[in-house]
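Observations on the model geometry
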Amino acid sequence: MRSVIPDYLTEALGDVESDSSGESAGYIPELATADPERLGAVFATVDGEVYGAGDIDTEFTIQSISKPFTYALALADRGFDAVLAKVGVEPSGEAFNQISLESDTGRPLNPMINAGAITAHSLAGSPDMDPAQRVERVVHGLSAFAGRRLTTDEAVCASEMEHAHRNLAIAHMLRSHGILTEDPRAVVDGYVRQCSVLVTARDLAMMAATLANRGVNPLSGERVIRERVVRQVLSVMFTCGMYDAAGDWATQVGIPAKSGVAGGLIGALPGQIGIATFSPRLDPHGNSVRGVSLFERFSSDMGLHVMEVPPAARAVVRSNHLVGSGPNAIRVLQLQGGVGFAGAEKIVRETLDTAPREVRVAFDLTRVYSIDDVARRMLLEVVRRLTLDGHDVYLVDPESIVPDPDPGDGGRVTVVGSVEQAEAPPHEEAQRGSV
Ligand code: GLN
């Protein structure tokens, strides 16, 4: 049997293919020479599977899609405080090349518009790097996101640089406010070089999948950036990635995204997939016309909007029952699924409502496949309070979902591999993991 996904992608491309509205970016003359009919779409899963249809291996320049990734590198290299001091995170609602800075500080509003992206470029790498080393740091970093060594398109780079008056004007303004601290032309040259990195739709999907996969490239396994940086980058993509169409995009499509004037468009769906499309003709916002249509379709066909509220998860407390009888009886709360804050609240409530009369209480985690940090802490606090109330508490945790549980002050817990192990009378019980 063939996978259903490439067939779905082919069908989606077929639906938008005849739309020839929009124009290729004209302000970078070299981009106008690209074939406007090119069309491709790729899904890359967080475990590295790639599905594509159409022109998925055609190279084109990354342009503004480099912005979220360079922002990530700047955050990684200089830290949040240094970057936030120079680039804000407020949507501008303006065009990507608007010459707008915060009136009091001179900070660009966000790193997705050119003013912010030029500043973010200047913050990539260590402060002592010269412009060429910084470009190398950026290309190397973008390559790590893609999982292969990327190169630049010298013709597109030279063509943009010849007409870079607006970006130069922005950079000079940034220099006059002290946001840039070096030669504005050198910074713009580096930024334009960053924009001229060659990618395919396949590369872009993998770069997006690296964000969707908490910063780890699904194919190379390399941790490119840490999770806190991913959260920052995806938030900024969600609110600012589509420039003056960001609000429309957030409501209609609802996937953190970024477009580029060469026709690329990416979306990163946290924990699920990276998506990329390629089609050069642009709408008045500078976003790919057919790319936007494809994303609208993907989002509605597959329920990919990040604000789509999932049906309430199946009860975290699967059952609450007694095992055994007499003084050795154990109150067992069998838990299930992925447990986050809301699930942990149910465990707290169930424990309170039950007010177990039995001395021995077990939380059976056999069917729990994940428990996040806050839920783990809440569960251990319940364990601690039960101990203080005179209970003997067991965690049935055969797969160490909660490794080395420490209920803290006055708490005590015995980890067992099965309810049967806990059932053994206390003097025979396995002491494994007892704290
Ligand atoms: N290099 C382009 C510029 O700065 C990138 C713009 C874009 O892709 N939106 O104008």
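For the structure itself, consult the block above.
The following refers to the structure shown. Computed from a predicted model, the values in this text were never measured in an experiment.

Thresholds, definitions, all that
Residues numbered from 1 in each chain as written. Predicted model: local features only at pLDDT ≥ 70, side-chain atom pairs only at ≥ 80, totals over all residues. Heavy atoms only, no water. Near = heavy atom within 4 Å. Polar contact = N/O pair within 3.5 Å; in protein donor to acceptor, adjacent residues only side chain to side chain. Areas by Shrake-Rupley, 256 points an atom, 1.4 Å probe, with all protein chains shown as cover. 1 Å grid on protein atoms, 1.4 Å probe; cavity = no way out; pocket = protein on both sides within 12 Å on 5 of 7 lines; lining within 4 Å. Sits in = over half its atoms within 2 Å of the grid points. Nonpolar A, V, L, I, M, F, W, Y, C, P; charged D, E, K, R; others polar. Helix = DSSP H or I, 4+ residues; strand = E, 2+ residues; numbered from the N terminus. Contact = heavy atoms within 4.5 Å. Points joined across faces, edges and corners; volume = space filled by probe spheres on them. Pairing = 2+ DSSP bridges. Axes fitted to C-alpha atoms, helices over the stretch in contact; angles between N-to-C directions. Buried < 20%, exposed > 50% of the residue type's maximum accessible area, 1.4 Å probe, protein only. Parallel < 35°, antiparallel > 145°, perpendicular 65-115°, else oblique. Left-handed = near helix turned anticlockwise from the far one by under 90°. Right-handed = clockwise from strand over helix to strand, strands pointing away. Disulfide = S-S within 2.5 Å. Core = buried A, V, L, I, M, F, W, Y, C linked by side-chain atoms within 4.5 Å.

A few words on the site of the ligand. Residues in contact with the ligand, as listed here, are Tyr 27, Gln 63, Ser 64, Phe 96, Asn 114, Glu 160, Asn 167, Tyr 191, Cys 195, Tyr 243, Gly 260 and Val 261. Within the side chain of Asn 114, a nitrogen or oxygen atom sits 3.0 Å from an oxygen atom of the ligand. When the ligand sits alone it has 290 Å² of accessible area, and the protein chains cover 99% of it. Judged by the fraction of its atoms near the pocket grid, the ligand is located in the largest cavity. Split by residue class, the shell around the ligand holds 6 nonpolar, 5 polar and 1 charged.

Now for the environment of Leu 75. With respect to the element layout, Leu 75 can be found in helix α2 (residues 66–78). What Leu 75 contacts, discounting residues up to four positions off in sequence, is Phe 80, Val 83, Val 229, Gln 232 and Val 233.

This brings us to the layout of surface pockets. Empty space left among the atoms is revealed by rolling a probe the size of a water molecule over them. When its volume is computed, the largest pocket comes out at roughly 340 Å³. Counting only elements with at least two residues in the lining of the largest pocket, the list comes to α9 (201–212) and α10 (227–240). Within the lining of the largest pocket, the residues separate by chemical class into 6 nonpolar, 3 polar and 4 charged.

So, about the sheet that holds strand β5 (residues 257–259). Hydrogen bonds between backbone groups are what pair the strands of a sheet, and the pairing can be parallel or antiparallel. With respect to topology, 5 strands assemble into an open sheet ordered β2-β1-β7-β6-β5, the strand pairing being antiparallel. Edge strands, defined here as strands with exactly one partner in the open sheet, are β2 (50–54) and β5. Ignoring which end each strand starts from, the neighbouring axes of this sheet average 10° apart. Relative to β2, strand β1 (residues 40–45) runs antiparallel, the two being bridged by 5 bridges. Bridge pairing in β2 links Ala 44 to Val 50. Packing of α9 onto the sheet brings it into contact with β1, β2, β6 (264–269) and β7 (273–278), and relative to β7 it is tilted by some 150°. Here helix α12 (residues 289–302) sits on the sheet and contacts β1, β6 and β7; the angle it forms with β7, its principal contact strand, is near 150°.

Among all residues save glycine, negative phi is the norm, and among peptide bonds the norm is trans. If you check the backbone angles, Gln 63 has positive phi at about 50° while not being a glycine. Structurally, the position occupied by Gln 63 is in the loop between β3 (60–61) and α2. Overall, Gln 63 belongs to the buried group, its relative accessible area being 2%. Phi is positive for Asp 404, close to 45°, though the residue is something other than glycine. Within the secondary structure, Asp 404 is located in the loop between β11 (392–396) and β12 (414–416).

Attention now goes to empty space enclosed by the protein. Per the stated rule, a full pass over the model turns up 1 cavity of 30 Å³ or more. Lining the largest cavity are Tyr 27, Gln 63, Ser 64, Phe 96, Asn 114, Glu 160, Tyr 191, Cys 195 and Val 261. Looking at side-chain class alone, the lining of the largest cavity contains 5 nonpolar, 3 polar and 1 charged residues.

Contact geometry of helix α7 (residues 165–176) with helix α8 (residues 184–195) gives a least axis separation of 9 Å together with a crossing angle of 130°. Taken together, the axes of α7 and α8 are oblique relative to one another. Every pair of crossing elements has a handedness; the one defined by α7 and α8 is right-handed. Every residue of α8 that contacts α7 at Asn 167, Leu 168, Ala 171, His 172 and Arg 175 is listed here: Pro 184, Arg 185, Val 188 and Tyr 191. Classifying every residue of the contact of α7 with α8 by side-chain character gives 5 nonpolar, 2 polar and 2 charged.

Judged by how many residues are buried, strand β9 (residues 330–339) sits mostly within the fold: 9 of 10 residues are covered. In terms of strand pairing, strand β8 (residues 317–323) meets β9 through 6 bridges, oriented antiparallel. Across the sheet, the residue bridging to Asn 320 is Leu 333, located in β9. Taking the residues that link successive antiparallel strands as the turn, the β8-β9 hairpin has 6 residues, and the phi of Gly 324 there is positive, at about 80°. In this view, the connection linking β9 to its parallel neighbour strand β10 (residues 360–371) by way of helix α13 (residues 341–354) has right-handed handedness.

On to the state of the cysteines. As used here, a disulfide is simply a covalent bond connecting the sulfur atoms of two cysteines. The full count for this structure, using the stated rule, is 0 disulfides. Of all cysteine sulfurs, the one in Cys 157 lies closest to Cys 195, which takes part in no disulfide; the gap is 9.0 Å.

Taken in spatial order, the 5 strands line up as β8-β9-β10-β11-β12 in an open sheet, and their pairing is mixed. Looking at the sheet topology across the chains shown, the edges are occupied by β8 and β12. For this sheet the average axis-to-axis angle between neighbouring strands, irrespective of direction, equals 20°. Its contacts with the sheet place α13 against β8, β9 and β10, and it is angled at close to 165° to β9. Each of β9, β10 and β11 is contacted by helix α14 (residues 373–388), which is oriented at about 175° to β10, the strand it contacts most.

Here we come to the nonpolar core. Side chains that are nonpolar tend, in soluble globular proteins, to be buried together. Of all hydrophobic cores here, the largest spans 78 residues; its most connected members are Phe 145, Leu 204, Met 207 and Leu 211. By residue number, the principal contributor to this core is α9, which donates 8 residues. Among all residues touching Leu 204, those that are not within four sequence positions of it are Phe 60, Ile 62, Ile 65, Val 199, Gly 264, Ile 266 and Ala 276. Within the second largest apolar cluster, 25 residues are counted, among which are Ala 53, Met 242, Ile 255 and Ala 257.

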